[in-house]
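# Structure at a glance
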Amino acid sequence: MQNTRNLVIIPTYNEKENIEAIIDAVFSLPRSFEILIIDDNSPDGTADIVKGLMEKHPEQLHIVEREGKLGLGTAYITGFNWAVEKAYDYIFEMDADFSHPPKDLINLHDACLNGADMAIGSRYISGVNVVNWPMGRVLMSYFASVYVRFITGMKIMDTTAGFKCYTRKVLETIDLDNIKLKGYSFQIEMKFTTWKFGFNIVEVPIIFTDRTEGTSKMSGGIFNEAVWGVIKMKISSWFKSYKRDESV
C-alpha cells in the first residue's frame, strides 16, 4: 500500500473525559495517522491534556487553540486550511466522543485509495446502524437525510454524517471561506458542494454509537438551521459555477 500523509481533524469543546482515549485509539491503529485537535477554549482543560500528550507524540499530534466556542463548521474549515497548507494527502473528520469508531478510519482511507474523492462513514447505507439513540432522534436524523436528498437531488443516504475522509484536491477545489452553514448543517453543505463539483462520493457503512462520556452539543436550533439553510443553499447554487480547475 502506498504511503500517504493522513490527518484526522477532531474539534473539541469540553472533552476531557474522551480526549486521551480517542487519541490513543487512533495512534494504535495499524496505519499511520496524525491528529489535529481544534479546541475552542474548553474550560474543562481539554487543551492542556492534549498539550501534555504532544510531548509523547511530537510528530503526530497537533493543536490549534481558538478563543472561544466558534462553531463546528469554522473549526473544520480552520483544520482544512491547516491541512491543505501542509499538503496532507487525506484529511479526515471525526468526533472526540467515540461515536465514530476509530478503526473505521482505515475503511474510509481504503475507499479513497480505491478512487473515492470523499468517503462518508454512513449510518444509513446498510439499514439504520445507530446505537444508544432514542427512537425520536433516530427518526429525526434519518428523515433529515430524506429531506436533504429531496431538496438537493443528492443520492447520499447519510447527508448529515460527520465522519468523513477527503482527498486534498476536494478541499483545494472548494472555496472553504464561502461555506455558509456553520453548525451541523455544515456537513450537508460540504457534501453538496463536493457533489456539485462532480467528485466521486462513496458511503462506507459504520455503526454509530452515541457518546457515553461528556455532554452532547446537539440542540433544536441546529435542526432549524438545517431546514432553512438547505433551501437557501440549493437556491444559491443556481447562481454559482462548479467548473473544476483540472490543474488542481
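Going by the structure above, here's the rest.
All of the points below concern the structure found in this document. Remember, it's a predicted structure, so these values are computed and weren't measured experimentally.

### A few points about the side chain of Ser185
- Looking at the element boundaries, Ser185 is found in the loop between helix H6 (168–173) and helix H7 (186–196).
- When sequence neighbours within four positions are dropped, the list of residues in contact with Ser185 reads Glu225 and Ala226.

### Quick word on the state of the cysteines
- If you walk through the whole model with that rule in mind, you get zero disulfides.
- The thiol of Cys112 is unpaired, and the distance to the nearest cysteine sulfur, on Cys165, comes to 3.5 Å.

### Quick look at the sheet that holds strand S4 (residues 90–93)
- An order of S3-S2-S1-S4-S7-S5-S8 is seen for the seven strands of this open sheet, with the pairing classed as mixed. At either margin of the open sheet sits one strand with a lone partner, and together these are strand S3 (61–65) and strand S8 (201–205). Shown here is a sheet whose adjacent strand axes are inclined to one another by a mean of 20°, direction ignored.
- Relative to S3, strand S2 (residues 34–39) is paired through five bridges, and the arrangement is parallel.

### Concerning a nonpolar patch on the surface
- A cluster of nonpolar side chains, namely Met135, Leu139, Phe143 and Val146, defines an oily patch on the protein surface of about 380 Å² accessible area.
- Along the chain, the position of Val146 falls in helix H5 (residues 135–152).

### Side note on the pairing of strand S1 (residues 6–12)
- With seven of seven residues buried, S1 lies mostly within the body of the structure.
- Burial along S1 is two-sided: the face carrying Asn6, Val8, Ile10 and Thr12 and the face carrying Leu7, Ile9 and Pro11 are both buried.
- Bridge count between S1 and S4: four bridges; the pairing is parallel. The partner of Leu7 across the bridge, within S4, is Ile91.
- Relative to S2, S1 is paired through six bridges, and the arrangement is parallel.

### Some points on the nonpolar core
- Membership of the largest hydrophobic core comes to 38 residues, with the highest contact counts inside it found for Ile9, Phe80 and Met190.
- Elements represented by at least two residues in this core include exactly S1, S2, helix H3 (72–85), strand S5 (118–122), H5, H6, H7 and helix H8 (220–237).
- With seven residues, H3 is the largest single contributor of residues to this core.
- Look past the residues within four positions of Phe80 in its chain and what remains in contact with it is Ile9, Ile91, Glu93, Tyr166, Leu171, Leu176, Phe186 and Met190.
- Among the nonpolar cores identified, the runner-up in size contains 35 residues, and Val26, Leu61, Ala111 and Val130 belong to it.

### Regarding the packing of aromatic side chains
- Applying the stated criterion across every chain, the model contains ten aromatic pairs.
- With centroids separated by 5.9 Å and ring planes inclined at 40°, the aromatic side chains of Phe192 and Trp195 adopt a geometry described as tilted. One end of the pair is Phe192 and the other is Trp195, both in helix H7 and three residues apart, which spans about a single turn.
- Seen from the ring of Tyr88, Arg5 lies directly overhead, with NZ or CZ sitting 4.1 Å from the centre.
- Looking at Arg123, its charged tip hangs above the ring of Phe208, at a distance of 5.3 Å from the centre.

### Here's the deal with helix H4 (residues 105–113)
- Among all positions in H4, only Leu105, Ile106, Leu108, His109, Ala111 and Cys112 are buried.
- For H4, the elements touching its buried residues are S1, helix H1 (19–27), S4, S5, strand S7 (164–167) and S8.
- Positive backbone phi, at 120°, marks Gly115, one or two positions downstream of H4.

Analysis parameters
- Residues numbered from 1 in each chain as written.
- Predicted model: local features only at pLDDT ≥ 70, side-chain atom pairs only at ≥ 80, totals over all residues.
- Heavy atoms only, no water.
- Helix = DSSP H or I, 4+ residues; strand = E, 2+ residues; numbered from the N terminus.
- Contact = heavy atoms within 4.5 Å.
- Disulfide = S-S within 2.5 Å.
- Pairing = 2+ DSSP bridges.
- Axes fitted to C-alpha atoms, helices over the stretch in contact; angles between N-to-C directions.
- Patch = residues over 30% accessible without salt bridge, like charges linked within 9 Å, V, L, I, M, F, W, Y side chains within 5 Å.
- Areas by Shrake-Rupley, 256 points an atom, 1.4 Å probe, with all protein chains shown as cover.
- Salt bridge = Lys/Arg side-chain N within 4 Å of Asp/Glu carboxyl O.
- Buried < 20%, exposed > 50% of the residue type's maximum accessible area, 1.4 Å probe, protein only.
- Core = buried A, V, L, I, M, F, W, Y, C linked by side-chain atoms within 4.5 Å.
- Phe/Tyr/Trp six-rings, centres within 6.5 Å; stacked < 30°, edge-to-face > 60°.
- Lys NZ or Arg CZ within 6 Å of the ring centre and 35° of its normal.

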